Amino acid sequence: MTSKFDAHAYVDAVAPAMSLTIAAESRDAVAENLKRLELLARQVMSYEVAASVAPGSGDEG
Amino acid sequence: MSDPLSAAATARDIAVCVQRGEASACEVVEAALTRIATLDGRVHAFTQVAHDRALRRAEAVDRAVRGGHSPGPLAGVPFGVKAMIDVRGIVTTAGSALHLADAPASADAEVVRRLEAAGAICVGALNMDEFGMGGTTESSCHGATRNPHDLARTPGGSSGGSAAAVAAGMVPLALGGDALGSIRLPASLCGVYGLRPTRGSVSNEGVLGAGGTIATVGPLARNVRDIAASHAVLTGGADRAPVAGILRQVAIAAGYFDDNLGIDAAAAVDLVRRALDTQRMVEFPDAARAKAAAILVNASETATIHLADLRARPQRFHPGTRDRFLAHALMPAQWYLHAQRYRAWHKQRVLQLFADVDVVVMPATPCVAPLLGQSTLVVRGEEWPTGPMLGWFTQPLAGTDCPSLAVPIARAGRPPIGIQLLAAPNREEMLFDVATRLESLGVAAAPVATLP
């Protein structure tokens, strides 16, 4: 599964907005972790859940 | 009845003997402390041992017995807690250097209060992967824990210290924490029972880093009766003795859960299938996607908990943990929100399966414990990163809130491995009944490890 997600650019852009400083020695590892998360997210986001289903643990049915 | 002072003593037998005055709580705790002192230099399950606190509480239990009062259903039972659970007088490190210099906890976590109100006695804190972020108990600032059945191997994680302490017979009972498998995975690799209770049924108050919608605290022990008894105390429910003879509708998980099993895992599931004489198969919907959703939810929630420290003192984290948390903290909110919505939908689909099935059997881990430091493992000829593969079967249904019990399969002379039993929420009695039947048939067993 190929991805156009530029994890390094994303980290560089978003970390300051979260008041997070990514040390140079961590940048690659953080980006790799994000790439893995992005693959998981694509699996989940590709499934359309009915609009009536609210975020939560399902207790609301 | 087991000797209450021995490593093989069950929690229930200890409680009965102490209540009858056949053994004192002080004797039981001193025996446990001696075993810890003797064995833990090799296993490294405990991060802190609370000698004075334990003996004071044991004296209180003994005073109650002498006064004709019942200390409770777990009278005199020594237990340990995962190092993320507050115990008054002990520093709650959660396996992280970030908390080594903290002041000791000023109060017990709710789960500790409940167990001690039932007469049990906390003897110390147990090692874990830093903040629960691991499956091998190797990222702890306290150093790695070793598997008592083979000291060259990992006990699994992140509740590796809890599983190892019980497997080695240091204590008959321990508490762990499980979001995506951190009780069930080490229980399987150490050959003990580990319960992930219905999420929300056990308090997370006083548990560091437990905020979120996935994780729960649960017990580990070497027999089903002790798991059931401690579960009753933790939840305030009735302590019903499990019944092996009750016919429960059991099915075997197919599809996702029938793939990527190594030889030992496949043999374990097949043994249980034959013992329970069930041919019925069920397939959980969308297991791979459900796993992805559970991982995303847990990732975002755990990063939120540690955000302040990630900003202020990132260098104090284990580097691997830090870099994962940083990535988790940067996740777009829509990933998390959609994962939670998908989770809600998926849970309802899973609950429909339990309309005519009581318990589902599935593998717990794909293989036996890998070596410490082993970064990859081979399953069915394919090489995988160790951490993600060990959690292969414990992660997909973590978002459904269903209770799951890791059950050790009797394998004399071979490395331990367990299976999982899954039931609908708040139906733990189904798990206990089926596990008890496996125990009575000799299919499930958790003998004390023999250390070299």
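## Some points on the packing of aromatic side chains
Residue and element names in this part refer to chain B.
Part 1: Taken as a whole and assessed by the stated rule, the structure comprises 14 aromatic pairs over all chains.
Part 2: Between Phe317 and Phe325, the aromatic rings sit 6.0 Å apart at their centres with planes inclined by 80 degrees, giving edge-to-face as the arrangement. Of the two residues, Phe317 and Phe325, neither departs from the other in class, the shared state being buried.
Part 3: Among the aromatic residues, those joined into a cluster by ring pairs are Tyr256, Phe257, Phe284, Trp384, Trp392 and Phe393.
Part 4: A cation over a ring is seen here: Lys291 above Trp392, with NZ or CZ 3.5 Å from the ring centre.

## A closer look at the pattern of salt bridges
All names here are of chain B.
Part 1: In this structure the tally under the stated criterion is 29 salt bridges over all chains.
Part 2: When the shortest N-O distance is used, the salt bridge between Asp401 and Arg199 registers 2.9 Å. Of the two residues, Asp401 sits in the loop between α13 (386-390) and β12 (404-408) while Arg199 sits in the loop between β5 (193-196) and β6 (216-221), which places them 202 residues apart along the sequence.
Part 3: Looking at Asp401, the relative accessible area reads 3%, which means it is buried.
Part 4: Arg274 is the partner of Asp270 in a salt bridge, and the nearest nitrogen-oxygen pair spans 3.0 Å. Pair noted here: Asp270 and Arg274 are both in helix α8 (residues 263-276), with a separation of four residues, about one helical turn.
Part 5: Residue class for Asp270 comes out partly exposed when judged on its relative accessible area of 30%.

## Thoughts on the environment of Gly391 of chain B
All names here are of chain B.
Part 1: Mapped onto the fold, Gly391 is located in the loop between α13 and β12.
Part 2: Using a relative accessible area of 3% as the deciding quantity, one classes Gly391 as buried.
Part 3: Sequence-wise, Gly391 and Phe432 are 41 residues apart; in three dimensions their C-alpha atoms are separated by 23 Å.
Part 4: Look past the residues within four positions of Gly391 in its chain and what remains in contact with it is Leu185 and Pro396.

## Notes on the pairing of strand β10 (residues 376-379) of chain B
Part 1: Every second residue of β10 of chain B is oriented toward a common face, the buried set being Leu377 and Val379 of chain B and the non-buried set Thr376 and Val378 of chain B.
Part 2: Two successive antiparallel strands, β10 of chain B and strand β11 (residues 382-385) of chain B, enclose a turn made up of two residues, where Arg380 of chain B displays a positive phi of approximately 55 degrees.

## Examining the side chain of Asp62 of chain B
All names here are of chain B.
Part 1: Summarising the element assignment, Asp62 is placed in helix α3 (residues 51-66).
Part 2: Despite its burial, Asp62 pairs with no opposite charge; the closest candidate is Arg66, at 5.0 Å N-O.
Part 3: A polar contact of 2.6 Å, which involves the side chain of Asp62, links it to the backbone nitrogen of Ala25.
Part 4: Once you skip the residues sitting within four places of it in the chain, Asp62 turns out to touch Ser24, Ala25 and Cys26.

## Description of the packing of helix α9 (residues 287-305) of chain B against helix α11 (residues 319-329) of chain B
Residues and elements named next belong to chain B.
Part 1: The interhelical angle for the contact between α9 and α11, taken along N-to-C directions, is 105 degrees, at an axis separation of 8 Å. The orientation of α9 with respect to α11, classified from their angle, is roughly perpendicular. In contact with Ala299, Ser300, Thr302 and Ala303 of α9, α11 contributes Phe325, His328 and Ala329.
Part 2: Grouping the amino acids of the contact of α9 with α11 by side-chain chemistry returns four nonpolar, three polar and no charged.

## With respect to the side chain of Thr10 of chain B
Part 1: Mapping Thr10 of chain B onto the fold places it in the segment before α1 (11-20).
Part 2: Ignoring any residue separated from it by four or fewer positions in sequence, one finds Thr10 of chain B in contact with Ser2, Pro172, Asn223 and Asp226 of chain B.

## What to know about the environment of Asn426 of chain B
Residue and element names in this part refer to chain B.
Part 1: Following the sequence through the fold, Asn426 ends up in the loop between β13 (418-422) and α14 (428-440).
Part 2: When its relative accessible area of 53% is taken as the criterion, Asn426 is described as exposed.
Part 3: For the pair Asn426 and Val61, spaced 365 residues apart in sequence, the C-alpha separation works out to 31 Å.
Part 4: Dropping the residues within four chain positions of it, Asn426 is found in contact with Thr198 and Pro403.

## Brief notes about unusual backbone geometry
Residue and element names in this part refer to chain B.
Part 1: Looking along the chain, the bond that leaves Gly157 and enters Ser158 is cis, with omega of 5 degrees.
Part 2: Mapped onto the elements of the fold, Ser158 is located in the loop between β3 (121-126) and α5 (160-167).
Part 3: Phi at Asp286 is positive, roughly 60 degrees, even though this residue is not glycine.
Part 4: Residue position: Asp286 is located in the loop between β8 (281-282) and α9.
Part 5: The backbone of Asp401 shows a phi angle near 70 degrees, a positive value even though the residue is not glycine.

So, how was this worked out
Residues numbered from 1 in each chain as written. Chains lettered and ligands numbered in written order. Predicted model: local features only at pLDDT ≥ 70, side-chain atom pairs only at ≥ 80, totals over all residues. Heavy atoms only, no water. Phe/Tyr/Trp six-rings, centres within 6.5 Å; stacked < 30°, edge-to-face > 60°. Buried < 20%, exposed > 50% of the residue type's maximum accessible area, 1.4 Å probe, protein only. Lys NZ or Arg CZ within 6 Å of the ring centre and 35° of its normal. Salt bridge = Lys/Arg side-chain N within 4 Å of Asp/Glu carboxyl O. Helix = DSSP H or I, 4+ residues; strand = E, 2+ residues; numbered from the N terminus. Contact = heavy atoms within 4.5 Å. Pairing = 2+ DSSP bridges. Lys, Arg positive; Asp, Glu negative; His and termini not counted. Polar contact = N/O pair within 3.5 Å; in protein donor to acceptor, adjacent residues only side chain to side chain. Axes fitted to C-alpha atoms, helices over the stretch in contact; angles between N-to-C directions. Parallel < 35°, antiparallel > 145°, perpendicular 65-115°, else oblique. Nonpolar A, V, L, I, M, F, W, Y, C, P; charged D, E, K, R; others polar.

Any functional reading would require information that these geometric values do not contain.
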